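Chain by chain, the residues run as shown.
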Amino acid sequence: MTEVARSPLGPAGNNVRRNIRRLREQRRWSYRDMEERLARAGRAIPVVALSAIDAGERHVDVDDLVALAAAFGLTPGELLEPPADCETCHGAPPPGFMCMECETSGGRNAPTSVRDMR
């Protein structure tokens, strides 16, 4: 069986990953808590997969995104946005720089949020 190389997370994927971690920690939810909430919502994501999302080792598909947003009481678009509550960059580091606190990229040509893609 041939192993397929996975593409690294892009800016939107990293935003989702960081927002999920931030929101989970703010609510003091364990991975098990999230797994149970997602299962009740009809989209089971096991603890090991949630941990991999958190570490940037697993991509979030559209169905996961919708379920994760619902679990937090948000829209999928809100999970895609850079974390605006970062006290260092407020979700908008200068072009060409990355915030060391929230890891949001301020790339010149690469969109850092859904807003930038419009």
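You'll find the structure just up there.
In this report, the structure presented in the accompanying data block is examined.

1. Brief notes about the packing of aromatic side chains
Thinking step 1. If you walk through the whole model with that rule in mind, you get 1 aromatic pair.
Thinking step 2. Arranged with centres 5.2 Å apart and planes meeting at 10°, the rings of Trp 29 and Phe 72 form a pair that is stacked. You can see Trp 29 sitting in the loop between α1 (11-27) and α2 (31-40) and its partner Phe 72 sitting in helix α4 (residues 62-72), a full 43 residues away along the chain. The same class applies to Trp 29 as to Phe 72, namely buried.
Thinking step 3. In this structure, Arg 27 packs its charged tip against the face of Trp 29, placed 5.6 Å from the ring centre.
Thinking step 4. The cationic tip of Arg 37 hangs over the ring face of Trp 29; the distance from NZ or CZ to the ring centre is 3.9 Å.

2. Here's the deal with the pattern of salt bridges
Pairs may arise between side chains of opposite charge once their charged atoms sit close together.
Thinking step 1. Within the structure shown, the criterion is met by 6 salt bridges.
Thinking step 2. With its nearest N and O atoms 3.2 Å apart, the salt bridge here joins Arg 24 to Asp 54. Taken together, the residues Arg 24 in helix α1 and Asp 54 in helix α3 (residues 47-55) connect sequence positions 30 residues apart.
Thinking step 3. What makes Arg 24 buried here is its relative accessible area of 11%.
Thinking step 4. Salt-bridge contacts for Arg 32 lead to Glu 35; the nearest nitrogen and oxygen are separated by 2.5 Å. Here Arg 32 pairs with Glu 35, and both are found in helix α2, just 3 residues apart, close to one helical turn.
Thinking step 5. What emerges from the salt-bridge pattern is a single network uniting Arg 43, Arg 58, Asp 61 and Asp 64.

3. Some points on the packing of α2 against α3
Thinking step 1. With their axes 9 Å apart at the nearest point, α2 and α3 run at an angle of 115° to one another. Judged by the inter-axis angle, α2 sits roughly perpendicular to α3. Relative to α3, α2 is oriented so that their crossing is right-handed. Where α2 abuts α3, its residues Tyr 31, Arg 32, Met 34, Glu 35 and Leu 38 lie against Val 47, Leu 50, Ser 51 and Asp 54.

Calculation rules
- Residues numbered from 1 in each chain as written.
- Predicted model: local features only at pLDDT ≥ 70, side-chain atom pairs only at ≥ 80, totals over all residues.
- Heavy atoms only, no water.
- Phe/Tyr/Trp six-rings, centres within 6.5 Å; stacked < 30°, edge-to-face > 60°.
- Helix = DSSP H or I, 4+ residues; strand = E, 2+ residues; numbered from the N terminus.
- Buried < 20%, exposed > 50% of the residue type's maximum accessible area, 1.4 Å probe, protein only.
- Lys NZ or Arg CZ within 6 Å of the ring centre and 35° of its normal.
- Salt bridge = Lys/Arg side-chain N within 4 Å of Asp/Glu carboxyl O.
- Axes fitted to C-alpha atoms, helices over the stretch in contact; angles between N-to-C directions.
- Parallel < 35°, antiparallel > 145°, perpendicular 65-115°, else oblique.
- Left-handed = near helix turned anticlockwise from the far one by under 90°.
- Contact = heavy atoms within 4.5 Å.

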